[in-house]
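An overview of the molecular structure
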Amino acid sequence: MSKDLLWLIGAGSIAQDYAKVLSSLKQPFKVIGRGESSALSFKKTTGISVSTGGLNVHLKKNNPPYIAIVAVGVEQLANTTKDLIRSGTKRILLEKPGALNLEEINSIYRLANKKKVEVYIAYNRRFYHSVEQLRRFVDEDGGLLSMNFEFTEWGHIIKDAQNTPEVKNYWLMGNSSHVIDLAFHLCGKPKDWKCWHKGKGVIDWHPTSARFCGSGITDRGVMFSYLSDWQAPGRWGLELMTAKRRFILRPMEKLQVVKLGSVLIQFIEPENKIDYNFKPGLFNQTKKFLEGDNSLMCPLSEQVKDMKVYNMMAGYAKN
């Protein structure tokens, strides 16, 4: 087993983004995909060849990698990761949300524990430069007091998207959790809280719910609330309050601030252009993963607990 050569599993657009980062970091890697079409597109975009045929074909012919990044479609995340774990891979960066539902993420968790494998969910928004700046400013102000966030999705676009019905049925888990994860990562996990969801059967592609509301206090003592309506206009965003400033992440790649005693919203200039040169957050996330710095990562154990929260928020079956 080589500790030097990383395997990048997948050849879609997100895998292309990873390839750009890995090349910049001078990390040796091998790309493993399935079909010729995606392999040709990958080669055309990145200049890097893809080994086709799928992961299991390559595992039969090669020793497993010590470290891997799984960047396949949501439906294949769980099985691909479990195949790597069984083969002997020891560290895996798994694209969000890690699995289609709670049952699948639990199956990965049990296997990873048994085989003593490190698996981290790739919530790259934790690594945005805007979020890095936010953390520093919040510390300067003495910490967070309260927060509200929105994860409204554009249903009129999603209904015609090429995702499978299974993925759409768990859309809050697979897509909205990008926002929710960051919100609770910054302010703590829900402790004393309530949530509501309405609109069962209103949206064909997401039959369990269409509107979401909740509030409470986190395990860090931060008050929070959220309201999202997938039948109405809206967008992703977070607002976080300290005793001195209100910070706004809307869009989440850019940090805005309102100072105490003012209503003027000002953009905070970025201190570097890293998120302009790569998919936002991906460079710092991948670099930290390769360095073994897990301080901001979402470990599999955390995602298992968080998916239970997502189930409650969306009204999914408690599997």
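Presented here is a report on the structure given in the accompanying data block. (Residues numbered from 1 in each chain as written. Predicted model: local features only at pLDDT ≥ 70, side-chain atom pairs only at ≥ 80, totals over all residues. Heavy atoms only, no water.)

1. Quick notes on the overall build of the chain
Rules: The secondary structure listing takes helices from DSSP runs of H or I that are at least 4 residues long and strands from runs of E that are at least 2 residues long, numbered from the N terminus. Between the two quantities, the radius of gyration covers C-alpha atoms and the globule rule is 2.2 Å times the number of residues to the power 0.38. Each residue gets one of three labels from its accessible area relative to the maximum for its type: buried under 20%, exposed over 50%, partly exposed in between, using a 1.4 Å probe on protein chains only. Whether two residues touch is decided by their heavy atoms; if any such pair falls within 4.5 Å, the residues are in contact. Each accessible area value is a Shrake-Rupley result obtained with a 1.4 Å probe; residue values ignore everything except the protein chains displayed when judging cover. In summary, the charge assignment counts Lys and Arg as positive and Asp and Glu as negative, without counting His or the chain termini. Note on charges: their place is set at NZ of Lys, CZ of Arg, CG of Asp or CD of Glu.
Scanning the chain from terminus to terminus reveals twelve helices and 14 strands. Here the C-alpha radius of gyration of the chain, 20 Å, is about what a compact globule of 319 residues would show, namely 20 Å. Burial status across the chain gives 51% buried among its 319 residues. When contacts within the chain are restricted to residue pairs at least 6 apart in sequence, long-range pairs at least 24 apart make up 67% of them. Summed over all atoms, the accessible surface of the chain reaches about 14900 Å², with 52% contributed by carbon and sulfur. The averaged location of the 31 negative side-chain charges in the chain is 4 Å from the averaged location of its 45 positive side-chain charges.

2. Here we look at the sheet that holds strand E4 (residues 91-95)
This is how it is decided: Should DSSP find at least two bridges between two strands, the strands are regarded as paired.
An order of E2-E1-E3-E4-E5-E14 is seen for the six strands of this open sheet, with the pairing classed as mixed. The open sheet has two edge strands, strand E2 (29-32) and strand E14 (298-299), and neither has a second partner. As defined by bridge partners, E4 adjoins strand E5 (residues 118-122) across five bridges and the pair is classed as parallel. Note that in E5 the partner of Glu95 across the bridge is Ala122.

3. Quick look at a positive patch on the surface
We count it as follows: Two joining distances apply to patches: 9 Å for like charges and 5 Å for nonpolar side chains (Val, Leu, Ile, Met, Phe, Trp, Tyr), and every residue must have over 30% relative accessible area and no salt bridge. The salt bridge criterion pairs a side-chain nitrogen of Lys or Arg with a carboxyl oxygen of Asp or Glu, the two atoms within 4 Å.
Residues Lys90, Lys114, Lys115 and Lys116 make up a contiguous surface patch of positive charge. With relative accessibility at 34%, the residue Lys115 sits in the partly exposed group.

4. A short note on the sheet that holds strand E9 (residues 223-229)
Quick note on the threshold: Every axis corresponds to a line fitted to the C-alpha atoms, with the helix fit spanning only the stretch in contact, and the corresponding angles, defined between N-to-C directions, vary from 0 to 180 degrees.
Spatially, the eight strands line up as an open sheet ordered E7-E8-E9-E6-E10-E11-E12-E13, and their pairing is mixed. Unpaired on one side and paired on the other, strand E7 (190-198) and strand E13 (266-267) mark the two borders of the sheet. Note: strand E6 (residues 146-151) against strand E10 (residues 236-241), six bridges, orientation antiparallel. Across the sheet, residue Ser146 finds its bridge partner in E10, namely Met241. Against the sheet, helix H6 (residues 129-140) touches E10 and strand E11 (245-249), its axis set at about 170 degrees to E11. In the packing of helix H9 (residues 171-187) onto the sheet, the strands contacted are E6, E7, strand E8 (211-218), E9, E10 and E11, and the crossing angle to E6 comes to about 170 degrees.

5. Some details on the layout of surface pockets
Our working rule: Points on a 1 Å grid, built from protein atoms alone, make a cavity when a 1.4 Å probe fits but cannot get out and make a pocket when they are open with protein on both sides within 12 Å along at least 5 of 7 lines; residues with an atom within 4 Å of a point are the lining residues. Grid points are joined across faces, edges and corners, and a volume is the space filled by probe spheres set on the points. Note on residue categories: nonpolar means Ala, Val, Leu, Ile, Met, Phe, Trp, Tyr, Cys or Pro, charged means Asp, Glu, Lys or Arg, and polar means any other residue, Gly included.
Considered as a void within the structure, the second largest pocket measures approximately 220 Å³ in volume. Together, 14 residues line the second largest pocket, and Glu253, Lys254, Leu255, Pro270 and Tyr276 are the ones closest to its centre. Every element with two or more residues in the lining of the second largest pocket is listed here: H6 and helix H10 (274-277). Among the elements that take part in the lining of the second largest pocket, H6 stands out by supplying three residues, more than any other. When grouped by side-chain class, the residues that make up the lining of the second largest pocket number six nonpolar, four polar and four charged.

6. Regarding the pairing of E4
Quick reminder of the rule: Here, the term right-handed applies to a crossover whose path from the first strand over the helix to the second runs clockwise when the strands point away from the viewer.
Within E4, five of the five residues are buried, which leaves it mostly tucked inside the rest of the structure. Side chains Arg91, Leu93 and Glu95 project from E4 onto one buried face, and the interleaved Ile92 and Leu94 project onto a second face that is buried too. Here strand E3 (residues 67-70) runs beside E4; their pairing, made up of four bridges, is parallel. When the bridges of E4 are listed, Ala68 appears paired with Ile92. As for the winding sense of the linkage, the β-α-β connection from E3 through helix H4 (residues 74-87) to E4 is right-handed. Remark: the E4/helix H5 (residues 102-115)/E5 crossover connection has right-handed handedness.

7. Considerations on the nonpolar core
To be explicit about the condition: Here, nonpolar core refers to any group of buried Ala, Val, Leu, Ile, Met, Phe, Trp, Tyr and Cys residues whose side-chain atoms link them within 4.5 Å.
Core analysis: the biggest nonpolar cluster contains 72 residues, and Ile105, Phe149, Phe151, Leu172, Leu238, Leu249 and Met313 have the highest contact counts within it. If one sorts the elements of this core by residue count, H9 sits on top with ten residues. If we ignore the near neighbours within four places in the chain, the residues touching Phe149 are Val179, Ile180, Ala183, Phe184, Phe224, Ser225, Tyr226, Leu227, Gly237 and Leu238. Ala19, Ile274, Phe283 and Phe289 belong to the second-largest nonpolar core, a separate cluster that totals 27 residues.

8. Considering the pattern of salt bridges
Scanning all chains against the criterion turns up 15 salt bridges. For Lys189, the salt bridge identified is with Glu302, shortest N-O distance 2.7 Å. Placement of Lys189 in the loop between H9 and E7 and of Glu302 in helix H12 (residues 300-314) is noted, with a sequence separation of 113 residues between them. Several salt bridges share partner residues, and in doing so they unite Arg126, Asp181, Lys189, Glu302 and Asp306 into one network.

9. Considerations on the packing of aromatic side chains
The line we're drawing: Aromatic contacts are taken between Phe, Tyr and Trp rings whose centres are within 6.5 Å, Trp giving its six-membered ring; a plane angle under 30 degrees counts as stacked, one over 60 as edge-to-face, and the others as tilted. Only when the NZ of Lys or the CZ of Arg is both within 6 Å of the ring centre and within 35 degrees of the ring normal is a charge said to sit over the ring.
Counted under the stated rule, the structure contains 13 aromatic pairs. Centre to centre, the rings of Phe149 and Phe184 are 5.5 Å apart; their planes meet at 85 degrees, and the pair counts as edge-to-face. With Phe149 in strand E6 and Phe184 in helix H9, this residue pair connects regions lying 35 residues apart in the sequence. A residue is classified by how much of its surface remains accessible, and Phe149, at 3% relative accessible area, is buried. Each ring, one from Phe278 and one from Phe283, has its centre 5.0 Å from the other, and the planes form 35 degrees; the classification is tilted. Of the residues examined, Phe278 reaches a relative accessible area of 14% and is grouped as buried. The rings of Phe149, Phe151, Trp171, Phe184, Trp193, Trp205, Phe212, Phe224, Tyr226 and Trp230 are connected pair by pair, giving a single aromatic cluster. For Arg136, the ring lying beneath its charged end belongs to Phe137, and the centroid distance is 5.2 Å. A cation over an aromatic ring shows up here: Lys273 above the ring of Tyr276, its NZ or CZ 4.8 Å from the ring centre.

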